[in-house]
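Chain residues, written in single-letter form:
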Amino acid sequence: MFAELEALPRESIVAVEGKVQRSAKANRGVELLPEKLEVIARSESPLPLGVVDKVSVELDTRFNHRVLDLRKPSVRAVFRLRSAILEGFRRSLAGMGFLEVETPKILRQGAEGGATLFPVDYFGKPAFLAQSPQLYKQMLMGAGFERVFEIAPAFRAEPSDTVRHLTEFSSLDLEMAYIDGPEAIREVLERAVVEALAHARERLSESAPEIAERLAPPKRPFPRIPFAEAEGLVGRPGATGRDLGTEEEKRLGEVVKGRDGAPFYFITDYPTSVKASTFYAERRPDDPSLTGYFDLDFDGVEVASGGPREHRIARLDENIRSAGLDPESFPAYREAFRFGMPPHGGFGFGIDRFVQLTAGLSNIREARLFPRDRYRLEP
Ligand code: AMO
């Protein structure tokens, strides 16, 4: 029987029957004396990717053979963490009275800029994959749902090959009505982050203590840093009308960690000039050169962005026009504003980036089972 076992290629699946007895030498204190062996599934050999060897393998090779790669317990642990985090967000948001919804992913028009739209041939008519549920979650505010969230795929034709962009990612989107400025949205977001981390920590404390340890829930409230102050903190001239770049975000993360010891912080009061193409963002009533928009950053990386929306149709039309678009090309969206739309706002939160950062992964692709990027459509 041993000879037969030794000849079997690694990763084959076998059923062994026999006597179990205590053994001081065995890893778990018990050993099995085999009496009957059945080969359930014989593996081919050689393996394209080692499962138990300690050699480090290129990411590309790992993703080419992802099913074998996922057999490694440390790789599979990322998805236990991911599942626990998602469960934590769902519980937290349900606890705050949010309804989970699903909106269409094949759309007539985008909301986040034409450059990253994926076209679809929809029975001969042009359509696009959803870059975000933005317009639909806002329409639901006009439909009388006061608090909704969605966790769903978002698609962006991102040509850039970076460690934090995918062409298909999971977005946690939230929208809430009858708000009085951005603070109400930020409070929901920071509470959801803290509660999701606390839930994941508890959930994994026995089954994966080495991951649970990493999940110390941060203190609330997170620091709030106005955009203009952030520009100063990273040492660049103010009022450039440009968003912070990757390197500037990283520097800000280091400064805030040193100053406040906080891994999570909000960058608030985004200038209108930086959000010019975000037509649905409300310009601040007291100072139209600013919006109430904010980003949530985690260790120098943006994980969420959002703010109060423009709910008055005349101003919305103006914003759409100044973004270089035609209001008439958004008939269904505009209709939701024509018959009584409450003030509202929300955010979009990148699940994959959050899992990447909490698991300490160097590449966002490792946070997805079967990642999609500019070059990868398989597996
Ligand atoms: P935004 O475009 O900033 O906002 O996206 C929100 C969050 O989604 C994540 N994200 C990505 N993750 C992986 N790969 C990508 N290509 C990618 N693009 C974005 C980031 C980001 O912070 N409609 C607004 C949200 C709102 O205002 O409610 C939006 O989509 O973590």
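Look up a bit, the structure's there.
Residues numbered from 1 in each chain as written. Predicted model: local features only at pLDDT ≥ 70, side-chain atom pairs only at ≥ 80, totals over all residues. Heavy atoms only, no water.

Novice: I would appreciate a short explanation of the layout of surface pockets in the present structure.
Specialist: To find leftover empty space, one rolls a probe the size of a water molecule over the atoms. What the largest pocket holds in volume is close to 1,100 Å³. Listed by contribution, the elements that provide at least two residues to the lining of the largest pocket are helix H5 (134–142), strand E8 (168–177), helix H9 (246–260), strand E14 (301–308), strand E15 (344–350) and helix H12 (351–359). Tallying contributions element by element places E14 first for the lining of the largest pocket, with five residues. Looking at the lining of the largest pocket residue by residue, the class counts come to 12 nonpolar, 15 polar and 14 charged. Taken as a whole, the second largest pocket encloses approximately 630 Å³ of empty space. Looking at the second largest pocket, it is lined by 26 residues, and the ones nearest its centre are Lys72, Pro73, Ser74, Val75 and Arg76. At the level of elements, helix H4 (73–95) and helix H7 (209–212) are the ones that each hand at least two residues to the lining of the second largest pocket. In terms of residue count, the dominant contributor to the lining of the second largest pocket is H4 (eight residues). (1 Å grid on protein atoms, 1.4 Å probe; cavity = no way out; pocket = protein on both sides within 12 Å on 5 of 7 lines; lining within 4 Å. Points joined across faces, edges and corners; volume = space filled by probe spheres on them. Helix = DSSP H or I, 4+ residues; strand = E, 2+ residues; numbered from the N terminus. Nonpolar A, V, L, I, M, F, W, Y, C, P; charged D, E, K, R; others polar.)

Novice: Just checking my understanding: could you explain the sheet that holds strand E3 (residues 99–100) for this structure?
Specialist: Within a sheet, neighbouring strands are paired by backbone hydrogen bonds and run either parallel or antiparallel to one another. Within the open sheet, the eight strands sit side by side as E3-E7-E8-E15-E14-E13-E10-E9. Their pairing is mixed. Two strands lie at the open edges of the sheet, namely E3 and strand E9 (224–226), each paired on one side alone. Where E14 lies against E15, five bridges are found, and the strand directions are antiparallel. Note that in E15 the partner of proline 308 across the bridge is glycine 345. (Pairing = 2+ DSSP bridges.)

Novice: Explain the site of the ligand to me, please; I cannot follow it from the model alone.
Specialist: Around the ligand sit 24 residues, and of these Gln134, Lys137, Arg156, Glu302 and Arg309 come closest. Here alanine 304 contributes a backbone N or O atom positioned 3.4 Å from an oxygen atom of the ligand. Glycine 348 is positioned with one of its backbone polar atoms (N or O) 3.2 Å from an oxygen atom of the ligand. Considered on its own, the ligand offers 630 Å² of accessible surface; in the complex 93% of this is hidden by protein. (Near = heavy atom within 4 Å. Polar contact = N/O pair within 3.5 Å; in protein donor to acceptor, adjacent residues only side chain to side chain. Areas by Shrake-Rupley, 256 points an atom, 1.4 Å probe, with all protein chains shown as cover.)

Novice: Just checking my understanding: could you explain the nonpolar core for this structure?
Specialist: Most often, soluble globular proteins keep nonpolar side chains buried together rather than apart. By size, the foremost hydrophobic cluster in this structure holds 49 residues, and its most contacted members are Phe89, Leu93, Leu189, Val193, Leu296, Phe349 and Phe354. With sequence-adjacent residues up to four places away left out, phenylalanine 354 is seen in contact with Ile85, Phe89, Val193, Leu197, Phe264, Phe298, Val303 and Phe349. Counting residues in each nonpolar core, the second largest holds 30 residues, with Val234, Ile267, Ile320 and Phe330 among its members. (Core = buried A, V, L, I, M, F, W, Y, C linked by side-chain atoms within 4.5 Å. Buried < 20%, exposed > 50% of the residue type's maximum accessible area, 1.4 Å probe, protein only. Contact = heavy atoms within 4.5 Å.)

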